[in-house]
Amino acid sequence: MTIIRTILTFTFILAVLGLRAQELQVKVNINHSQITGTDISVFENLQQSVEQFINERQWTPLQFQKHERIQCSINITVNAYIRETNLFECTALIQANRPVYNSAYTTTLYNNKDDNFQFTFAQFDQLNFREEVVDQQLTALLAYYAYLIIGLDLDSFSPLAGTDILQRCMYLVNNAQELGFPGWKPFDDNRNRFAIINDYLDESMRPFRQLQYDYYRKGLDEMANNAERGRTEISEALENDLKQAHENKPLSLLPQIWTDFKRDELVNIYKGKGTQKEKERVYDLLMSLNASQSTAWENIQR
């Protein structure tokens, strides 16, 4: 009886651990083609270490099942590598995706480039992270994007559900001020890491947070069942949430960043579909927010 009870207890523990799968499933790519004369094993070890650090860590108390893990990628381009100090000067493209209900389609939840992805890393370094004392640049960078992505994902399933996680991201930024690397300081750059998370949590940008739910959950998730109703919800989200966020804080780059990576998806939603009046309203709004994508927006009216 004791052996059976032990086996059952162990099975139960495994089941509970299975329910608490990590939140993220990241694929990391290191482009080191600009660097010559360096043993590539250091870049291979970096790639493996970053993936392991993100994928094997439980970032929140939330319970994610394995199939619910957020799929994301980090593409790091090494622009300079100083072997003597183990300094990497890089740019990174961070992307997170979200499945659309009742379809095989995957939509982009976040996509943005970090031009100041700088850190030190020696081969076989152990990556450690403590939220209360941020003393390692590389893990601070990875934790920042982990919290940001999880927060945005939660927002897309329930209104403002990611607030607590996004606040942890802001807490990390405040604790990273003394690291001595660019990207963390307030007001240095309106597109740096501080500016991005500060805008997400700015009360005047609450409509942009609401957009995440209205666009994804009420809009895209509905389109498989009823394409017309889903598109109508998306139009209302754009005209209400996105427009209001821009009016509330015109200098915020969040609407521009969002429409940059949503460009092709938005065109596909409206091109050849919907009423002409609806398409004209959406076209006018997107042009006012992000005229740099004018060629793409013109396709909406066709």
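Undergrad: Let's hear about the confidence of the model for the chain: which residues, and what values?
TA: As a general rule, the predicted coordinates of low-pLDDT regions are not to be interpreted in detail. With 93% of its residues at a pLDDT of 70 or more, the chain shows a mean pLDDT of 92. Predicted confidence for residues 1-19 stays below pLDDT 50, and this span has four contacts to residues more than four positions away or in other chains.

Undergrad: With reference to specific residues and values, describe the side chain of S235.
TA: Within the secondary structure, S235 sits in helix α7 (residues 227-248). Ignoring any residue separated from it by four or fewer positions in sequence, one finds S235 in contact with Y270, E278 and V282.

Undergrad: Describe the environment of F43, listing the residues and the values that go with them.
TA: Following the sequence through the fold, F43 ends up in helix α2 (residues 41-55). Between the alpha carbons of F43 and Q123 there is a distance of 8.3 Å; along the sequence they are 80 residues apart. In this view, F43 contacts I30, H32, I35, T38, V78, Y81 and F88; residues no more than four positions away in its chain are not counted.

Undergrad: Outline unusual backbone geometry, listing residues and values.
TA: Even without glycine at this site, N102 takes up a positive phi of about 60 degrees. Positionally, N102 belongs in the loop between β3 (87-99) and β4 (106-120).

Undergrad: Which residues make up the packing of helix α4 (residues 163-175) against helix α5 (residues 193-201), and what are the values?
TA: Where α4 meets α5, the axes come as close as 10 Å, and the angle between the chain directions of the two elements is 145 degrees. Handedness of the α4/α5 crossing: left-handed. Along its contact with α4, which presents T163, L166, Q167, C169, M170 and V173, the element α5 presents F194, I197, N198 and L201. Class assignment for the residues of the contact of α4 with α5 results in seven nonpolar, three polar and no charged.

Undergrad: Give me the lowdown on the environment of G151, citing residues and values where you can.
TA: Within the secondary structure, G151 sits in helix α3 (residues 137-157). A residue is classified by how much of its surface remains accessible, and G151, at 0% relative accessible area, is buried. Linking G151 and L253, residues 102 residues apart in sequence, is a C-alpha distance of 18 Å.

Reading guide: rules and limits
Residues numbered from 1 in each chain as written. Predicted model: local features only at pLDDT ≥ 70, side-chain atom pairs only at ≥ 80, totals over all residues. Heavy atoms only, no water. pLDDT = per-residue confidence, 0-100. Contact = heavy atoms within 4.5 Å. Helix = DSSP H or I, 4+ residues; strand = E, 2+ residues; numbered from the N terminus. Axes fitted to C-alpha atoms, helices over the stretch in contact; angles between N-to-C directions. Left-handed = near helix turned anticlockwise from the far one by under 90°. Nonpolar A, V, L, I, M, F, W, Y, C, P; charged D, E, K, R; others polar. Buried < 20%, exposed > 50% of the residue type's maximum accessible area, 1.4 Å probe, protein only.

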